[in-house]
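Breakdown of the fold
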Amino acid sequence: MDRIRIFVADDSAVDRLLIERMLGREPDLEVVGLGADGYAALEAAEAGAMDALVLDVEMPGIDGLETLERLRATRQIGRAHV
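Keep in mind that what you see is a predicted model, and the values were worked out from it rather than measured.

Here we take up the nonpolar core. Counting residues in hydrophobic clusters, the biggest one holds eight residues: Phe7, Ala9, Ala41, Ala44, Ala45, Met50, Met59 and Leu71. Mapped by element, the contributors of at least two residues to this core are β1 (4–9) and α2 (38–46). The leading source of residues in this core is α2, at three residues. Apart from the residues lying within four places of it in its own chain, the contact partners of Ala44 are Phe7, Ala49 and Met50. Of all hydrophobic cores here, the second largest spans six residues; its members include Ile6, Val8, Leu23 and Val31.

Glancing now at the side chain of Arg16. For Arg16, the position within the fold is in helix α1 (residues 13–24). No salt bridge is formed by the buried Arg16. Its closest oppositely charged neighbour is Asp10, at 5.7 Å. When neighbours within four sequence positions are excluded, Arg16 is seen to be in contact with Val8, Asp10, Asp11, Leu34, Gly35 and Ala36.

The sheet built from three strands is open, its strands ordered β2-β1-β3 with parallel pairing. Both edges of this open sheet fall to β2 (29–35) and β3 (52–55), since each of them pairs with a single strand only. Across this sheet, the average inter-strand angle for adjacent strands is 25°, counted without regard to direction. Looking at chain direction, β1 and β2 are connected through six bridges and run parallel. When the bridges of β2 are listed, Ala9 appears paired with Gly35. α1 contacts β1, β2 and β3 of the sheet and is inclined by roughly 165° relative to β2. Packed onto the sheet, α2 meets β1, β2 and β3 and runs at close to 155° relative to β1.

Reading guide: rules and limits
Residues numbered from 1 in each chain as written. Predicted model: local features only at pLDDT ≥ 70, side-chain atom pairs only at ≥ 80, totals over all residues. Heavy atoms only, no water. Core = buried A, V, L, I, M, F, W, Y, C linked by side-chain atoms within 4.5 Å. Buried < 20%, exposed > 50% of the residue type's maximum accessible area, 1.4 Å probe, protein only. Helix = DSSP H or I, 4+ residues; strand = E, 2+ residues; numbered from the N terminus. Contact = heavy atoms within 4.5 Å. Lys, Arg positive; Asp, Glu negative; His and termini not counted. Salt bridge = Lys/Arg side-chain N within 4 Å of Asp/Glu carboxyl O. Pairing = 2+ DSSP bridges. Axes fitted to C-alpha atoms, helices over the stretch in contact; angles between N-to-C directions.

Right, here's the structure in full:
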C-alpha cells in the first residue's frame, strides 16, 4: 500500500519539526516537505509532491486559510478538514 505523502507548512520551525516527527511515526504517512509559509505549500501542490497538506492558520505572506482558498480555486480540491 502506498504511503500518504504530506507537506507541512508552518512559520514556526519548532512546530514544523514536532509535526514532522509526530507524522513520521505513522507507517502509512510520509512527510515529503516542509515550508514556512503558504507560498511553499502552493509550490509543492503545483509540483504534485503531496497527497495531503497540514497548514498553520497564521503565517506571514499568505496564511493557511488564503492558501487553502487558492488551492480550492485553482485545483478544485475537495472539502478541507480543519
